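Fold and geometry: a report
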Amino acid sequence: MDWLRAWMMPPQGSEFAKEIDFVYMSLFWLSVALFLMIAIPAVYFAWRYRYRPGRVTPHQTHNTLLEVIWTVGPLLLCVGIFFWGLNGWMKYEVAPGESMEISVTAKQWLWQFEYPDGSRTINDIHVPVNKPVKFTMTSEDVLHDFYVPDMRVKHDIIPGRYTQIWFTPTVLGPHNFTCAEYCGKDHSGMHGILTVDNDTDFAKWMETGGTEWEDYFNGKDPKKTPADWGKITYERVGCNSCHTTDGTKSKGPSWKGVYGSMVQLNNGMSVLADEAYIRESMMNPQAKVVKGFDPIMPTFQGLLKPNQQNGLVAYIESLK
Amino acid sequence: MEPVVTRSARIGDRPRPKKNYLNETRGVWSWMTTVDHKRIGIMYLVGTLSAFLLGGIFALLVRLTLLTPAHKLFGMQVTAETYNRFFTLHGAIMVFLFIIPSIPGSLTNFVLPLMLGAKDVAFPRLNLASFYLWVVGAVMAISSMIIGAVDTGWTFYTPYSTTTSGTVTLMTAAVFVLGFSSIFTGLNFIATVHKLRAPGMGWFDMPLFVWSMYSTALIQILATPVLGITLVLLMLERVFQIGIFDSRIGGDPVLFQHFFWFYSHPAVYIMILPGMAIISELIPTFSRKTIFGYRAMAYASVSLALVSFIVWGHHMFVAGQSQLATVIFSALTFLVAIPSGVKVFNWLTTMYQGNISLETPMLYAISFLMLFAIGGLTGIFLGTLSTDVHLTDTYFVVAHFHYVMMGSTVTAFIGGLYYWWPKMTGRMYAERWGQVTAVIWFIGFNATFLPQFILGSRGMPRRYYNYLDQFQPLHAFSTVGSWIIGLSLFMTAAVLLASLRKPADAPDNPWGGTTLEWQTSSPPITHNFEEQPVLENEPYDYRPKAVTH
């Protein structure tokens, strides 16, 4: 019957998921049995006692024993199911003390993750296999809900509050996560990928932002240039929440046509937007603020890996 | 020894009175100013069924949008904003304009005083006021759709509902007005049941329909005021930013959910108890057998009403309420299963050794038993804490509550409509066609909503415009099912309306029912009975006369 579980439930990404599925499948078979206990008599009686003109029906008003049985029986069953559900839920509620902590900020309509070392990603997160991970979550605007179907966990994310969720992933590879509390226009687009890495890959991800960037810098595939990697980084670390690439003004200046131009600063000076200026603006954004914009950009010192900085410079250069 | 009631009771009725409630006075004005519960019931029927049609159109649009990931509707692209409005209007119209007022306002308004042997409800003018409030609420709700748009979902969760643009304030004001309509109806029924029972009719001589509707009325007057207060706070929050629900100005969004479900969970029982009320009439009548466990059924209705007030937190297991509250609400939620089970078992035992004919209303009643069983059993998955974490906010929940709200309540409503149609209009509908609609309904309903359980358990969240490609086949299946439902409802409308074209032909008691509404003419005279009926037997007594005396 494993095919039935595999058809009805998402892939199992943790031991907890297996426990939940066992409860689910048990309730499923119990429900099938109880449904047949109702449906079969209904159909059988309708046929067996079908209408005959003039037949007199017995005057059965009640039967105390029978009624006590079908009141107390379901009650006992329900008490049992309640405690079974409580048992699994306690595990979901209490995160182990040694969990790695990742903070989550949800907003319309993207996910920001921050690792213990301060590095950040958007809609894309890597976690190590077989180690508990705890997510501490809050929202910048409306309600959201962090839902990882493969781990069988979800919890609402509430503005002005912190909520938590945790799991221990046991299956390597990508798992979807998605928003499960209605949050407006792009609610259904608010999803991303959680990748479970082995320890080596995870250490590499933390150190260099993963290995996929190497493909963009080795020159073997002409379709993958450093600028393409910069574009991925631009979306992944959230540059796009303040900088556009089509010339429209957002919270920060657009990147279109910046590279190589003379930029007017708010102190009346102007500066050539070369590679040095761009790197400085990432690491020490308050040093030179563009005219007409507020000094609101946080520093990305230590948050952007060298390969990400290189990619971003190449990407901005490509937008000349 | 002649049985009291057989199909032969259809012939040999008293001569039909020339004047009845339909033709005693004529003209639109006589309807608009009527205080006759039967006419108000008919007006409510027309109104709520129109709302059902409108909500149904939105349902078909929602399903059609989800047919393929391309989201094309008759060649036009549906945007995410439009889709969000579709499901919001579908939910809001179906809940507030259709299901909550439908059975109480229409069928109950019509038959409850008749069943009690009364001339009218206790407060006839209040009854008319309730209908006009419904009209005002409906006009406001529809205006909010025409003037602007609402995209909050029918639950109006904060802080999205306090910050989104659109006509949310007008829509919530409409729901506020509709709430008072519901309170007036409930108040009226409670007073009527207490004061206007026929001589000889004690509390345990009332038909079970009345017990269920009495329980419904209790919820209507006790829970609806909380919804009113909540919506006023929501409107104040939107307009004046008073800081009740919005965390940026010191409020708490979870508080809104507590307030909202404190009404809206009991409201689920405002919806399902009237369905159970109808089924408790249909099954004894078409089984020609007394109801099994009358007192247990009556107590089950009242206890469902009471339990409905203490389980609202089960909507919020992952919403940020305290862990202790979550555990307590889960435990209390399981209590719902007990009276629900008692009812189902009693209905089944009533059929045992009965004399069962499968006219259209009985086919709907048997459909109800099965669909309600599925709706109830899938509730166990959601009441169980560990599985709810995975299933809540997915299509599993959507399927579950459609099995209860639509598969149970609407099925019972249609069955009841066929059942009392001869009494209300004086016309018999085409039986064979009616039976066909019931079969199509059952198939269409399951085709639409069974796949949604699988969608949900596989991780498809609700209120989603886009979905992963792997979900497309099940979505397509569900959409085709919605067309079958549409076909069945269209046929029901045709079958019932076609019967109005012929002269009055319905006997007083076409089904051999034992409750008092069958003792008067079809359609009844304006004052319901020629003389005050006196109750002699317990309800649902199908024994031959010789035995009872």
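Residues numbered from 1 in each chain as written. Chains lettered and ligands numbered in written order. Predicted model: local features only at pLDDT ≥ 70, side-chain atom pairs only at ≥ 80, totals over all residues. Heavy atoms only, no water.

**Points about the overall build of chain B**
Counting its secondary structure elements, chain B contains 17 helices and two strands. On C-alpha atoms alone, chain B measures out to a radius of gyration of 23 Å, which is about the 24 Å that the 2.2 N^0.38 rule sets for 549 residues. Overall, the C-alpha framework of chain B stretches about 75 × 50 × 45 Å when taken along its three principal axes. Counting all 549 residues of chain B, 67% fall into the buried class. In chain B, of all internal contacts separated by at least 6 residues, the share reaching a separation of at least 24 is 82%. (Helix = DSSP H or I, 4+ residues; strand = E, 2+ residues; numbered from the N terminus. Rg over C-alpha atoms; globule rule 2.2 N^0.38 Å. Buried < 20%, exposed > 50% of the residue type's maximum accessible area, 1.4 Å probe, protein only. Contact = heavy atoms within 4.5 Å.)

**A few points about the overall build of chain A**
Across its full length, chain A carries eight helices and 12 strands. At 29 Å, chain A has a C-alpha radius of gyration far larger than the 20 Å of a compact globule built from 320 residues. Viewed in the frame of its principal axes, chain A has a C-alpha envelope of about 105 × 40 × 40 Å. Of all 320 residues assigned to chain A, the portion counted as buried reaches 49%. In chain A, of all internal contacts separated by at least 6 residues, the share reaching a separation of at least 24 is 60%. In the structure as shown, chain A presents an accessible area of about 15200 Å², 60% of it carried by carbon and sulfur atoms. Charged side chains of chain A number 29 positive and 34 negative; the gap between the two group centres comes to 7 Å. (Areas by Shrake-Rupley, 256 points an atom, 1.4 Å probe, with all protein chains shown as cover. Lys, Arg positive; Asp, Glu negative; His and termini not counted. Charge placed at Lys NZ, Arg CZ, Asp CG, Glu CD.)

**Quick notes on a nonpolar patch on the surface**
Taken together, L75(A), V79(A), F83(A), I310(B) and L335(B) make up a surface patch of nonpolar side chains, about 390 Å² in accessible area. Assignment of secondary structure puts L75(A) in helix 3 (residues 64-93). (Patch = residues over 30% accessible without salt bridge, like charges linked within 9 Å, V, L, I, M, F, W, Y side chains within 5 Å. Salt bridge = Lys/Arg side-chain N within 4 Å of Asp/Glu carboxyl O.)

**Examining the sheet that holds strand 8 (residues 163-167) of chain A**
Each strand in a sheet pairs with another by means of backbone hydrogen bonds, the pair being arranged parallel or else antiparallel. All names here are of chain A. Pairing is mixed across the open sheet formed by five strands, whose spatial order is 3-2-1-5-8. Only two strands of the sheet have a single neighbouring strand rather than two, namely strand 3 (120-122) and strand 8. Across this sheet, the average inter-strand angle for adjacent strands is 25°, counted without regard to direction. Pairing of strand 5 (residues 133-139) with strand 8 involves five bridges; the strand directions are antiparallel. The residue bridging T136 from the neighbouring strand is Q164, located in strand 8. (Pairing = 2+ DSSP bridges. Axes fitted to C-alpha atoms, helices over the stretch in contact; angles between N-to-C directions.)

**Some details on the interface of chain A and chain B**
Contacts between chain A and chain B engage 77 residues on the former and 91 residues on the latter. A buried area of about 7300 Å², summed over both sides, lies between chain A and chain B, and 68% of it is on carbon and sulfur atoms. Counting across the chain A and chain B interface gives one salt bridge. At the junction of chain A with chain B, the criterion picks out 30 residue pairs in polar contact (both at pLDDT 80 or more). Taken together, the residues of the side of chain A that touches chain B break down into 45 nonpolar, 19 polar and 13 charged. (Buried area = accessible area lost by both parts, 1.4 Å probe. Polar contact = N/O pair within 3.5 Å; in protein donor to acceptor, adjacent residues only side chain to side chain. Nonpolar A, V, L, I, M, F, W, Y, C, P; charged D, E, K, R; others polar.)

**With respect to unusual backbone geometry**
Cis geometry marks the peptide bond from Q108(A) to W109(A); its omega dihedral reads -5°. In this structure, W109(A) sits in the loop between strand 1 (100-107) and strand 2 (110-114). Along the chain, T158(B) connects to P159(B) via a cis peptide bond; the corresponding omega equals 0°. Structurally, P159(B) is set in the loop between helix 4 (124-147) and helix 5 (160-163). Non-glycine residue F156(B) carries a positive phi angle of around 50°. In this fold, F156(B) is placed in the loop between helix 4 and helix 5. Judged by its relative accessible area of 1%, F156(B) falls in the buried class.

**With respect to the pattern of salt bridges**
Pairs may arise between side chains of opposite charge once their charged atoms sit close together. All names here are of chain A. Applying the stated criterion across every chain, the model contains 19 salt bridges over all chains. Measuring nitrogen to oxygen at the nearest pair gives 3.6 Å for the salt bridge that ties E15 to K18. Of the two residues, E15 and K18 are both situated in helix 2 (residues 15-48); the distance of three residues between them amounts to about one turn of the helix. A residue is classified by how much of its surface remains accessible, and K18, at 42% relative accessible area, is partly exposed. Across the salt bridge formed by R152 and D21, the nearest N and O atoms sit 2.7 Å from each other. A residue pair is termed long-range when its members are at least 10 positions apart, and R152 in the loop between strand 6 (144-148) and strand 7 (153-157) and D21 in helix 2 qualify at 131 residues. Considered together, R152 and D21 belong to a single accessibility category, that of buried residues.

**Some remarks on the side chain of T224(B)**
Residue and element names in this part refer to chain B. Examined against the element boundaries, T224 turns out to sit in helix 7 (residues 208-240). A distance of 2.5 Å separates a polar side-chain atom of T224 from the backbone oxygen of Q220. Beyond its immediate sequence surroundings of up to four residues, T224 is in contact with G179, S182, I183, I219, Y263 and I270.

**Topic: the packing of aromatic side chains**
Taken as a whole, this structure holds 74 aromatic pairs over all chains when the rule is applied. Each ring, one from F113(A) and one from F177(A), has its centre 5.5 Å from the other, and the planes form 85°; the classification is edge-to-face. With F113(A) in strand 2 and F177(A) in strand 9 (residues 173-179), this residue pair connects regions lying 64 residues apart in the sequence. Cluster of aromatic residues (ring-pair linked, three or more members): F209(B), F286(B), Y364(B), Y418(B), Y419(B), W420(B), Y429(B), W511(B) and W518(B). Across from the ring centre of W31(B), 4.3 Å away, lies the NZ or CZ of R39(B), which sits over that ring. (Phe/Tyr/Trp six-rings, centres within 6.5 Å; stacked < 30°, edge-to-face > 60°. Lys NZ or Arg CZ within 6 Å of the ring centre and 35° of its normal.)

Read these as layout, nothing more, since geometry by itself doesn't imply function.
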